[in-house]
Amino acid sequence: MTRVLVLYFTRGGHTAKIANAIADQLTFRGAKVDLVDINSAAATCINWPDYEVVALGACVLYGTYDKSVFKFIEQHAEALGALPNSFFCVNVVARNPEKRIPENNKYLQKFIALSPWTPADLKIIAGKVDYPSWPWYDRLMIQLIMKMTKGPTDPKSVIDYTDWADVKVYADHLLELVDVTAI
Ligand SMILES: Cc1cc2nc3c(=O)[nH]c(=O)nc-3n(C[C@H](O)[C@H](O)[C@H](O)COP(=O)(O)O)c2cc1C
C-alpha cells in the first residue's frame, strides 16, 4: 500500500477541496493517504519517513503565495526533496489552458524562483472565482486582474474552473512518481 502525504495551503477552501479530491482518488487507488493543512497542528509533527511520495499544493494570492507556504518549505525543504515530490499550483489565470503549461505560468515560475525546495514534478490547476465570498477589496482587485486577463468581472460570479477529471489524473500520476526500487 503506497503511503502518500498531501499537503496544502488554502485561504478560501478551494485548494483544500482539490487536495481532498486528490486524497480521495489516491485512496480509491488503494493508497494510504494523509491530508495535512500546512497551517494545522498536524503539520508540526509529520513523520516524513512514513511516506513514499509527497504533494504540496498552494493557491496564488495577488501574484504570489502566502508567506506560511514559504515558511513551511524553508523548514522542510530537505524532507520534501528527499521523497518523490510534486507541487500543485492553484490559480484562476489557469482557466486558460495555455497557462496550465508550467513554462507559461508566471506564478509557477515565481514559485520556482522563490522556493528553497525545487519540486521534481509540477502541476497547475485552475481554481475558483467566488466574488460573493470575497471581501470588497479582494473583489475589486480580482475584478481588475480579470479585466486585464479577459475574465469574469460580474461581482455575482461564482465559477469553478477546476477540471475535476484532470485532478484525478494528477492523483494517479502521483502514484507513478513512487520509486519502486526504494520500497
Ligand atoms: C485575495 C485573492 C487574490 C488572488 N490573486 C490571484 C492572482 O493574482 N492570480 C490568479 O490567477 N488568481 C488569483 N486568485 C484566485 C485564487 O488563486 C483562486 O480563487 C483559488 O481557487 C483560491 O483558492 P483557495 O480557496 O484555496 O484560497 C486570488 C484569489 C484571492 C481570494
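Structural data are supplied above this passage.
In what follows, the accompanying structure is described. Each chain carries its own residue numbering, running from 1 in the direction its sequence is written. Where local features are concerned, this predicted model is filtered to residues with pLDDT of at least 70; where side-chain atom pairs are given and counted, the filter is 80 or more; whole-chain, interface and lining totals use all residues. The basis for the side-chain values is all heavy atoms of the structure; hydrogens and waters are excluded.

1. Structural notes on the sheet that holds strand β1 (residues 3-9)
Ordered by their spatial adjacency, five strands build an open sheet running β2-β1-β3-β4-β5, and the pairing between neighbours is parallel. This sheet does not close on itself; its edge strands, each paired only once, are β2 (32-37) and β5 (122-126). With strand direction ignored, the average angle separating the axes of adjacent strands in the sheet is 20°. Each of β1, β3 (53-59) and β4 (85-91) touches helix α2 (residues 67-82); the most contacted strand, β3, lies at about 165° to it. When DSSP locates at least two bridges between a pair of strands, those strands are taken to pair. Under the DSSP-based scheme used, a helix requires at least four consecutive residues in state H or I and a strand at least two consecutive residues in state E, with every element numbered from the N terminus. Helix axes are fitted to C-alpha atoms over the stretch in contact, other axes to C-alpha atoms as well, and angles between N-to-C directions run from 0 to 180 degrees. Should any heavy atoms of two residues lie within 4.5 Å, those residues are counted as being in contact.

2. Points about the side chain of D138
One can find D138 in helix α4 (residues 136-148). Accessibility here uses a 1.4 Å probe with only protein chains present; expressed as a share of the type maximum, an area under 20% marks a residue as buried, one over 50% as exposed, and anything in between as partly exposed. Residue D138 is classed as buried on the basis of its relative accessible area of 4%. Pairs of N or O atoms within 3.5 Å make up the polar contacts considered here, provided that, within protein, one atom can donate a hydrogen while the other can accept it, and that residues adjacent in sequence are counted only when both atoms are side-chain atoms. Reaching out from D138, the side chain makes a polar contact with the side chain of Y62 at a distance of 2.4 Å. Every residue in contact with D138, bar those within four places of it in the chain, is listed here: R11 and Y62.

3. Structural notes on the site of the ligand
Think of it this way: one heavy atom of a residue within 4 Å of a molecule or strand is enough to make that residue near it. Neighbouring the ligand are 22 residues, the closest being T10, G12, H14, T15 and K128. In this structure, G13 approaches the ligand through a main-chain N or O atom, which is 3.1 Å from an oxygen atom. Within the side chain of Y107, one N or O atom sits 2.8 Å away from a nitrogen atom of the ligand. In short, Shrake-Rupley with a 1.4 Å probe defines the accessible areas, and a residue's cover is counted only from the protein chains shown. Burial of the ligand by the protein chains amounts to 97% of its free accessible area of 630 Å². Those elements that place two or more of their residues in the shell around the ligand are α1 (14-28), β4 and α4. The greatest single-element share of the shell around the ligand, amounting to three residues, is contributed by α4. Three classes are used, and their members are as follows: Ala, Val, Leu, Ile, Met, Phe, Trp, Tyr, Cys and Pro are nonpolar, Asp, Glu, Lys and Arg are charged, and the others, Gly among them, are polar. In the shell around the ligand, the residues fall into eleven nonpolar, eight polar and three charged. Start and end points for every domain follow an automatic or database-based domain assignment. Here the shell around the ligand spans two domains, and each of domain 1 (3-127 + 164-182) and domain 2 (128-161) adds at least three residues to it.

4. Considering α2
Helix span, as expected, comes to 1.5 Å for every residue beyond the first. A rise of 1.5 Å per residue sets the reference length of α2, with its 16 residues, at 22 Å; its end C-alpha atoms lie 23 Å apart and thus fit the reference within 8%. In the structure, α2 departs most strongly from a straight axis at H76, where the bend amounts to approximately 75°. For α2, the set of buried residues is S68, V69, F70, F72, I73, H76, A77, A79 and L80. For α2, the secondary structure elements touched by its buried residues are β1, β3, β4 and α3 (106-114). Think of it this way: the bend at a residue is just the angle between two axes, each fitted to seven residues, one set ending at that residue and the other starting at it.

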